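Residues per chain are reported as follows:
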Amino acid sequence: MKFTKADKKDLAVQLGQQFKEKDVFFAAFNGLKFKQIAALKNNLRPAKSRFKVMRNTIISHAITNASLKADDTAVQGPTAVITVDSVDEIAKAAKTLLEFAKANPALKIKGGFASSQWLTPKDLEKLSKIGTKPELLAQLAGVLYSNLAQIRWALEAPTLNLVYAIEAVKEQKTKEAR
């Protein structure tokens, strides 16, 4: 299918709107085979992410239309756009991409946008180590529970000490009474 100039402009506008609304990663896929790209797409599905190859001119116009500032390397060479549909899944998508890139060195992460902020590949690596929203919520719940348990024990300690003291006095009195 051949794109006209108007089609390319419309596509750049639509893509720019996606860049504003969603988190996006850019990757170079030079040297990957079709089966590897298909495997990457399948790996990204659970993270509610999509992998799509786009022309660099359309990507650069989309970045301009979205009023975003990207690194110059984002639109050099063959470029794939990975869009993350859910904000909660950005760390999972970054982790999936980086794991795939380690297994397949032909995939090179160029960077991306998270909340309209440009992220370098090192930033994406840090992001992938954070964990998903459910994991972070579970950690927070654990920390809150342990703090509440410590407060409970601290508040119960004087009462328990009083009970032990009364028991000791009671035992001593019973011994003296015999």
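Everything that follows concerns the structure shown earlier in this document.
Since the model is a prediction, treat every value here as computed from it, not as a measurement.

The rules behind the values
- Residues numbered from 1 in each chain as written.
- Predicted model: local features only at pLDDT ≥ 70, side-chain atom pairs only at ≥ 80, totals over all residues.
- Heavy atoms only, no water.
- Pairing = 2+ DSSP bridges.
- Helix = DSSP H or I, 4+ residues; strand = E, 2+ residues; numbered from the N terminus.
- Axes fitted to C-alpha atoms, helices over the stretch in contact; angles between N-to-C directions.
- Contact = heavy atoms within 4.5 Å.
- Buried < 20%, exposed > 50% of the residue type's maximum accessible area, 1.4 Å probe, protein only.
- Arc of directions from axis to C-beta.
- Core = buried A, V, L, I, M, F, W, Y, C linked by side-chain atoms within 4.5 Å.
- Phe/Tyr/Trp six-rings, centres within 6.5 Å; stacked < 30°, edge-to-face > 60°.
- Lys NZ or Arg CZ within 6 Å of the ring centre and 35° of its normal.
- Parallel < 35°, antiparallel > 145°, perpendicular 65-115°, else oblique.
- Left-handed = near helix turned anticlockwise from the far one by under 90°.
- Nonpolar A, V, L, I, M, F, W, Y, C, P; charged D, E, K, R; others polar.

S.K.: Help me out: how do you make sense of the sheet that holds strand 2 (residues 49-54) in this one?
M.R.: Hydrogen bonding along the main chain pairs the strands of a sheet, whether they run parallel or antiparallel. Ordered in space as 2-3-1-4-5, the five strands form an open sheet in which the pairing is antiparallel. Of all strands in the sheet, those bounded by a partner on one side alone are strand 2 and strand 5 (117-119). Averaged over all pairs of adjacent strands, the angle between strand axes in this sheet comes to 20°, irrespective of strand direction. As judged from the five bridges shared by strand 1 (residues 23-28) and strand 4 (residues 108-114), these two strands associate in the antiparallel manner. Across the sheet, residue phenylalanine 25 finds its bridge partner in strand 4, namely glycine 112. Relative to strand 2, helix 2 (residues 34-44) is tilted by about 145°, and along the sheet it contacts strand 2 and strand 3 (79-84).

S.K.: Would you explain the side chain of asparagine 104 in this entry?
M.R.: Looking at where asparagine 104 falls in the secondary structure, it is placed in the loop between helix 4 (90-103) and strand 4. Judged by its relative accessible area of 14%, asparagine 104 falls in the buried class. With near-sequence residues (within four places) excluded, asparagine 104 lies in contact with Leu32 and Gln36.

S.K.: Sorry if this is basic, but what is going on with helix 5 (residues 121-130) here?
M.R.: Owing to its 3.6 residues per turn, the α-helix aligns residues three or four sequence positions apart on the same side. Within helix 5, burial applies to Leu124, Leu127 and Ser128. Within helix 5, the buried residues cover an arc of 100° as seen down the axis, which keeps them to one side. Those residues of helix 5 that are exposed and aimed more than 90 degrees away from the buried face are Lys122, Lys126 and Lys129. Lining the buried residues of helix 5 we find strand 1, helix 4, strand 4 and strand 5. Of the residues one or two after helix 5, glycine 131 is the one with positive phi, at around 110°.

S.K.: Please clarify how the nonpolar core should be interpreted in this entry.
M.R.: If you look at soluble globular proteins, the nonpolar side chains tend to sit buried side by side. Counting 25 residues, the largest nonpolar core has Phe25, Phe51, Leu97 and Leu107 as its most contacted members. Listing elements by their share of this core, those giving two or more residues are strand 1, helix 2, strand 3, helix 4, strand 4 and helix 5. When residues in this core are grouped by element, the largest group, seven residues, is from helix 4. Non-local contacts of leucine 107, meaning those with residues more than four positions away in its chain, are made with Ala27, Ala28, Phe29, Leu32, Leu40, Leu97, Phe100 and Ala101. Counting 16 residues, the second-largest nonpolar core is a separate cluster that includes Ala12, Phe19, Leu68 and Phe113.

S.K.: Got a minute to help me understand the packing of aromatic side chains in this structure?
M.R.: The relative placement of two aromatic rings is captured by the distance of their centres and the angle of their planes. Scanning the entire structure with this criterion turns up six aromatic pairs. Cluster of aromatic residues (ring-pair linked, three or more members): Phe19, Phe26, Phe113 and Trp118. The positively charged end of arginine 152 is found above the aromatic ring belonging to tryptophan 153, 4.8 Å away from the centroid.

S.K.: Even after reading the chapter, I still don't get unusual backbone geometry, so can you show me in this structure?
M.R.: The phi torsion of most residues other than glycine is negative, and most of the peptide bonds are trans. The phi torsion at lysine 48 lies on the positive side, around 55°, for a residue other than glycine. Here lysine 48 lies in the loop between helix 2 and strand 2. Classification of lysine 48 as partly exposed rests on a relative accessible area of 45%.

S.K.: Can you help me understand the packing of helix 2 against helix 4 in this one?
M.R.: The description of two packed helices rests on the angle between their axes and on the distance between the axes. For the pair helix 2 and helix 4, interaxial distance at closest approach is 10 Å and the crossing angle is 155°. Looking at the two axes, helix 2 sits roughly antiparallel to helix 4. Where helix 2 crosses over helix 4, the two elements pack in a sense that is right-handed. Facing helix 2, whose interface residues are Gln36, Ala39, Leu40, Asn43 and Leu44, helix 4 presents Ala93, Thr96, Leu97 and Phe100. Looking at the contact of helix 2 with helix 4, its residues break down into six nonpolar, three polar and no charged.

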